[in-house]
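Residue-level listing of the chains:
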Amino acid sequence: MVQAISILGCTGSIGRQTAAVAEYTGIRVAALTANRQIDRLEEQARKFRPEFVAVYDENAAKELKIALADTPVRIGSGMEGLLEAATLQSIDCVVTAVSGAVGLKPTLAAIEAKKRIALANKETLVCAGEIVMKRAAETGAEIVPVDSEHSAIFQCLMGRQPGELRRILLTCSGGPFRGKARASLEDITPAQAIKHPRWNMGAKISVDSATLMNKGLEFIEAMRLFGVSPDDIQVVIHPQSVIHSMVELVDGTVIAQLGVPDMGLPIQLALTYPQRLPSMFDRLDFTMLQDLSFEAPDLENFPCLRLAVDCARRGGTAGCVMSAANEEAVHLFLREKLGFNRIYDMAAEAVSALASDDASDLETIFAADAAARQFVHETAGA
Ligand code: MG
């Protein structure tokens with residue numbers, strides 16, 4: 001298991017839960033980064049006494065420097081600060097809990113420095129999965145998924161031989177609007193969209209769960225992590241979120257991973273792997289489980305999932321363009337500058353206008369990402 005970690009995105013939902021798991025398991029928190037939430041960052045810095053803290057926003061970094069002047073904590077800022085946190089000599093693992101494409105460069109830097117990546121930033125694999133997985137294989141850096149579904153698949157595949165896997169069954173709660181028609185979602189507000197029935201998460205991923213774009217991003221994430229083709233993944237709606245995903249083996253056997261819906265569990269495993277330690281989380285009580293139900297996803301009313309699978313098949317920059325356009329559209333929706341259903345429209349239009357077959361280098365990927373964001377702002381008039 002790991003000894004000392006950097007938490008990138010420590011003030012978000014996954015970041016805070018990671019800090020709690022580190023405290024419980026006795027893993028040292030050596031570095032923290034956040035975008036700009038310095039109150040929470042100061043609190044965490046005083047509690048965990050990391051050697052280094054980076055704030056992405058330059059002005060917020062200056063404020064934090066003053067706030068922590070009585071401590072020996074070193075403060076960095078901007079992308080440079082994130083990169084330093086990701087490659088610090090004293091750490092052996094980086095938890096990438098930042099939201100969005102900002103996670104890509106620090107993840108790659110950590111891979112070059114041969115750190116374990118506890119991967120909670122799915123946009124990284126969606127945008128540049130082939131490059132990231134190739135470099136990890138070359139440097140020997142381990143990538144252990146934190147996303148609950150991918151952690152489940154990872155666990156179901158432990159000890160298997162190559163060639164045993166027939167397909168991945170990626171489970172999905174269906175989100176807060178399961179069973180609703182797309183036309184009825186026109187006037188959904190941000191408050192309604194981020195109220196998830198099973199999981200307590202940050203705003204961006206909660207909206208993605210409501211549109212099912214989250215499952216689309218996870219579809220591409222699973223392809224990259226486990227080296228399978230789109231035909232080898234089936235999305236299954238399972239509203240109770242007790243099964244976190246399954247694998248079907250060549251003989252027809254299905255292996256599932258079950259547990260309470262608490263992100264602390266996959267976080268802890270990503271840090272203690274290959275060991276398992278006792279945890280502070282609730283246990284499943286099978287006598288209390290009513291029923292576990294399953295259904296096919298509704299691609300007509302939730303077209304984001306269909307779009308993502310199309311982008312997965314298409315390859316090139318399609319996934320990157322879709323993810324970047326979606327990220328911008330979700331931010332506009334959260335600021336009430338774009339309707340809920342327009343999120344899909346923006347992502348689909350950006351893919352039609354901008355996706356190309358070539359995604360061989362990072363420059364091409366960053367250019368596609370930037371073009372997609374600009375496209376959304378111009379099209380939305382915001
Ligand atoms: Mg997930």
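Data block above holds the structure.
This report concerns the structure included in the present document. The written sequence of each chain sets the order in which its residues are numbered from 1. Given that the model is predicted, a residue must reach a pLDDT of at least 70 before its local features are reported, and side-chain atom pairs must reach 80 or more before they are shown or counted; all residues, however, enter totals for whole chains, interfaces and linings. To get the side-chain values, all heavy atoms of the structure are used, and hydrogens and water are removed first.

1. Digging into the side chain of T171
Consideration 1: Secondary structure elements follow DSSP: runs of H or I of four or more residues count as helices, runs of E of two or more count as strands, with numbering from the N terminus. Looking at where T171 falls in the secondary structure, it is placed in strand β8 (residues 165-172).
Consideration 2: In protein, a polar contact requires one atom able to donate a hydrogen and another able to accept it; more generally it is a pair of N or O atoms within 3.5 Å, and residues adjacent in sequence count only if both atoms are side-chain atoms. Polar contacts involving the side chain of T171 include one to the main-chain carbonyl oxygen of I243, which spans 3.2 Å.

2. Thoughts on the nonpolar core
Consideration 1: Residues I5, L271, L307, M322 and F340 are the most contacted members of the largest nonpolar core, which totals 123 residues.
Consideration 2: In terms of residue count, helix α13 (residues 318-334) provides more of this core than any other element does, 10 residues in total.
Consideration 3: Two residues qualify as a contact provided that any one of their heavy atoms is within 4.5 Å of a heavy atom in the partner residue. Apart from the residues within four sequence positions on either side, L307 is in contact with M213, M322, Y344, A347, A348 and V351. Nonpolar cores were defined as sets of buried Ala, Val, Leu, Ile, Met, Phe, Trp, Tyr and Cys residues, with membership established by side-chain atoms within 4.5 Å. Burial classes: relative accessible area under 20% of the type maximum marks a residue as buried, over 50% as exposed, and values in between as partly exposed (1.4 Å probe, protein chains only).

3. Some details on the coordination of the magnesium ion
Consideration 1: For Na, K and Ca the donor cutoff is 3.2 Å, while for all other metals N, O and S atoms must lie within 2.8 Å; water is not among the atoms, so some sites may look incomplete. Every protein donor of the magnesium ion is accounted for by D147 (OD), E149 (OE) and E218 (OE), and the metal-donor separations fall at 2.0 to 2.2 Å.
Consideration 2: Spacing between the donor residues of the magnesium ion along the chain follows D-x1-E-x68-E.
Consideration 3: Its relative accessible area of 9% is what places E149 among the buried residues.

4. A closer look at helix α15 (residues 362-380)
Every α-helix carries 3.6 residues per turn, so stepping three or four residues along brings you back to the same face.
Consideration 1: Here α15 spans 27 Å end to end across 19 residues, near enough to the 27 Å set by a 1.5 Å rise per residue.
Consideration 2: Buried within α15 we find I365, A368, D369, A372, R373, F375 and V376. Axial view of α15: buried residues confined to an arc of 155°, hence all on one face. Counted as exposed and oriented over 90 degrees from the buried face of α15: E363 and E378.
Consideration 3: Residue G381 follows α15 closely and has a positive phi angle near 65°. Working rule for helices: expected span equals 1.5 Å times residues minus one. Picture the helix axis, draw a direction to every C-beta atom, and the arc is the one those directions span.

5. What to know about the pattern of salt bridges
Opposite charge on two side chains permits pairing when their charged atoms draw close.
Consideration 1: Just to be clear on terms, a salt bridge is a Lys or Arg side-chain nitrogen sitting within 4 Å of an Asp or Glu carboxyl oxygen. Enumeration according to the criterion identifies 29 salt bridges in this entry.
Consideration 2: Between K134 and E138 there is a salt bridge; the shortest N-O distance is 3.2 Å. Taken as a pair, K134 and E138 lie in helix α6 (residues 122-139) at a separation of four residues, close to a single helical turn.
Consideration 3: Since its relative accessible area comes to 52%, K134 is described here as exposed.
Consideration 4: Within this structure, K122, D147, E149, K215 and E218 form a network of salt bridges that share partners.

6. Description of a negative patch on the surface
Consideration 1: Candidates for patches are residues over 30% relative accessible area with no salt bridge; among them, like charges are joined within 9 Å and nonpolar side chains (Val, Leu, Ile, Met, Phe, Trp, Tyr) within 5 Å. A 1.4 Å probe and the Shrake-Rupley method give the accessible areas. Residues count as covered only by the protein chains that appear here. Under the convention used here, Asp and Glu are negative, Lys and Arg are positive, and both His and the chain ends fall outside the count. Lysine's charge is taken at NZ, arginine's at CZ, aspartate's at CG and glutamate's at CD. A cluster of acidic side chains, namely D357, D358, D361 and E363, defines a negative patch on the protein surface.
Consideration 2: Note that D358 resides in the loop between α14 (342-354) and α15.

7. Considering a nonpolar patch on the surface
Consideration 1: On the surface, L258, F286, L292 and F294 cluster together to form a nonpolar patch covering roughly 360 Å² of accessible area.
Consideration 2: Along the chain, L292 turns up in the loop between α11 (264-272) and α12 (303-314).

8. A word on the sheet that holds strand β6 (residues 116-119)
Consideration 1: Here we have seven strands laid out as an open sheet, ordered β4-β3-β2-β1-β5-β6-β7, and parallel in their pairing. Edge positions in the sheet fall to β4 (74-77) and β7 (143-145), since each has one partner strand and no second. Across the sheet, the axes of successive neighbouring strands diverge by a mean angle of 20°, strand direction being ignored.
Consideration 2: Pairing analysis gives five bridges linking strand β1 (residues 4-8) to strand β2 (residues 28-34), with the strands arranged parallel. Residue pairing across strands places I5 opposite V29, the latter belonging to β2. Here, any two strands with at least 2 DSSP bridges between them count as paired. Fitted lines through C-alpha atoms give the axes, limited to the stretch in contact for helices. The angle between two N-to-C directions lies from 0 to 180 degrees.

9. With respect to the packing of aromatic side chains
Consideration 1: In this analysis, rings of Phe, Tyr and Trp, with Trp reduced to its six-membered ring, are considered paired at centre separations within 6.5 Å, and the interplanar angle assigns stacked below 30 degrees, edge-to-face beyond 60, and tilted for intermediate values. For the coordinates displayed, the defined rule picks out three aromatic pairs.
Consideration 2: Taken together, a centroid distance of 5.1 Å and an interplanar angle of 65° make the contact between F154 and Y273 edge-to-face. With a gap of 119 residues between them, F154 in helix α7 (residues 148-156) and Y273 in the loop between α11 and α12 connect regions that are remote in the sequence.
Consideration 3: Aromatic side chains F333 and F340 sit 5.6 Å apart centroid to centroid with 65° between the ring planes, which places their arrangement in the edge-to-face category. Both residues of the pair, F333 and F340, belong to the buried class.
Consideration 4: One aromatic cluster is present, built from ring pairs that chain together F177, F333 and F340.
Consideration 5: In this structure, K105 is placed above the aromatic ring of F366, and the distance from its NZ or CZ to the ring centre is 4.8 Å. Consider the ring centre and the ring normal. A charge sits over the ring if Lys NZ or Arg CZ is within 6 Å of that centre and within 35 degrees of that normal.

10. Some words on the packing of helix α9 (residues 203-211) against helix α10 (residues 213-226)
Consideration 1: Between α9 and α10, the least distance of the axes is 5 Å, while the angle of their chain directions is 95°. Classified by the interaxial angle, the pair formed by α9 and α10 is roughly perpendicular. For the pair α9 and α10, the contacting residues are K204, I205, D208, S209 and T211 in the first and M213, N214 and L217 in the second.
Consideration 2: Residues are sorted three ways: Asp, Glu, Lys and Arg are charged, Ala, Val, Leu, Ile, Met, Phe, Trp, Tyr, Cys and Pro are nonpolar, and all the rest, Gly among them, are polar. Tallied by class, residues from the contact of α9 with α10 come to three nonpolar, three polar and two charged. Roughly parallel means an angle under 35 degrees; roughly antiparallel, over 145; roughly perpendicular, 65 to 115; everything else is oblique.

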